[in-house]
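# Chain and residue survey
Each chain, written out:
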Amino acid sequence: MRWWDIEPVMVLEHRLFPEDAWSRGMYWSELAEAFPGGSRHYVVAVDGGGAPVGYAGLMAVGPDSDVQTIAVDSEHQGAGLGALLLTELVEESVRRGCAELLLEVRVDNLRAQRLYERFGFEPVGIRRGYYQPANVDALVMRLDHLASDASEASDLKDHHNG
């Protein structure tokens with residue numbers, strides 16, 4: 001994601017999250033940290049015409065990483081785009097040597113929870129009233145041992161290629 005993606009992403013943001021959409025300023029702040037060596041990693045998925053249909057962001061600091069946002073246009077849901085975006089965030093977390101990846105998801109968003117469970121995320125807590133102004137709780141989910149799993153997979157891959 002680059003600065004020129006903010007305006008089209010904002011259209012999706014307001015459509016998908018009408019009650020608790022991020023502001024332009026929040027995206028500008030996030031992208032200000034999305035540079036080589038920075039703490040953020042943001043990606044945009046586009047359709048054949050170049051229009052954004054999904055986006056995702058990661059914050060990684062030391063051994064910890066967090067999914068900041070992940071969204072797929074309702075017209076493109078169910079086609080595996082959310083899984084592709086999440087795969088990119090998981091892989092980036094591993095590339096950065098993080099030991100865990102955390103995320104918050106609305107307790108009433110069962111579809112997203114199923115996606116995260118397929119990736120191995122496990123519930124670790126509840127944040128009461130996290131989503132405002134709707135006052136909806138967030139389920140906190142965690143994926144552990146990313147860096148060690150990745151190095152083991154890399155070792156196996158190297159072994160088979162050797």
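Everything that follows concerns the structure shown earlier in this document.
For the structure given in this document, a descriptive report is provided here. (Residues numbered from 1 in each chain as written. Predicted model: local features only at pLDDT ≥ 70, side-chain atom pairs only at ≥ 80, totals over all residues. Heavy atoms only, no water.)

## Side note on the pattern of salt bridges
This is how it is decided: The term salt bridge refers to a side-chain nitrogen of Lys or Arg lying within 4 Å of a carboxyl oxygen of Asp or Glu. Here a helix means four or more residues in a row that DSSP labels H or I, a strand means two or more in a row labelled E, and each is numbered from the N terminus. Three exposure classes are used, based on accessible area relative to the maximum for each residue type with a 1.4 Å probe and protein chains only: buried under 20%, partly exposed in between, and exposed over 50%.
A full pass over the atoms with the stated rule returns eleven salt bridges. The closest approach of N and O atoms between E100 and R142, which form a salt bridge, is 3.9 Å. On the criterion of sequence distance, the pair formed by E100 in strand β4 (residues 100-106) and R142 in strand β6 (residues 136-144) is long-range, its members being 42 residues apart. Residue classification places R142 among the partly exposed residues on the basis of a relative accessible area of 30%. The partner of E104 in a salt bridge is R127, with the nearest N and O atoms 3.0 Å apart. On the criterion of sequence distance, the pair formed by E104 in strand β4 and R127 in strand β5 (residues 122-131) is long-range, its members being 23 residues apart. Connected via shared salt-bridge partners are E88, E92, R95 and R96.

## Some thoughts on the packing of aromatic side chains
Counted only if it meets this: Aromatic rings from Phe, Tyr and Trp, with only the six-membered ring used for Trp, were paired whenever their centres fell within 6.5 Å, and each pair was classed as stacked if the ring planes differed by under 30 degrees, edge-to-face if by over 60, and tilted otherwise.
Applying the stated criterion to the full structure yields five aromatic pairs. Ring centres of Y27 and Y55 lie 6.1 Å apart, and the angle between their planes is 80°; on these two criteria the pair is classed as edge-to-face. Placement of the pair is Y27 in helix α2 (residues 24-32) and Y55 in strand β2 (residues 52-61), with a sequence separation of 28 residues. Consider the rings of Y130 and Y131, whose centres lie 5.0 Å apart with planes at 85°: the pair is edge-to-face. Judged by relative accessible area, which is 38%, Y130 ranks as partly exposed. Overall, Y131 belongs to the buried group, its relative accessible area being 15%. Members of the aromatic cluster, joined through ring pairs, are W22, Y27 and Y55.

By themselves, these observations are geometric and do not establish any function.
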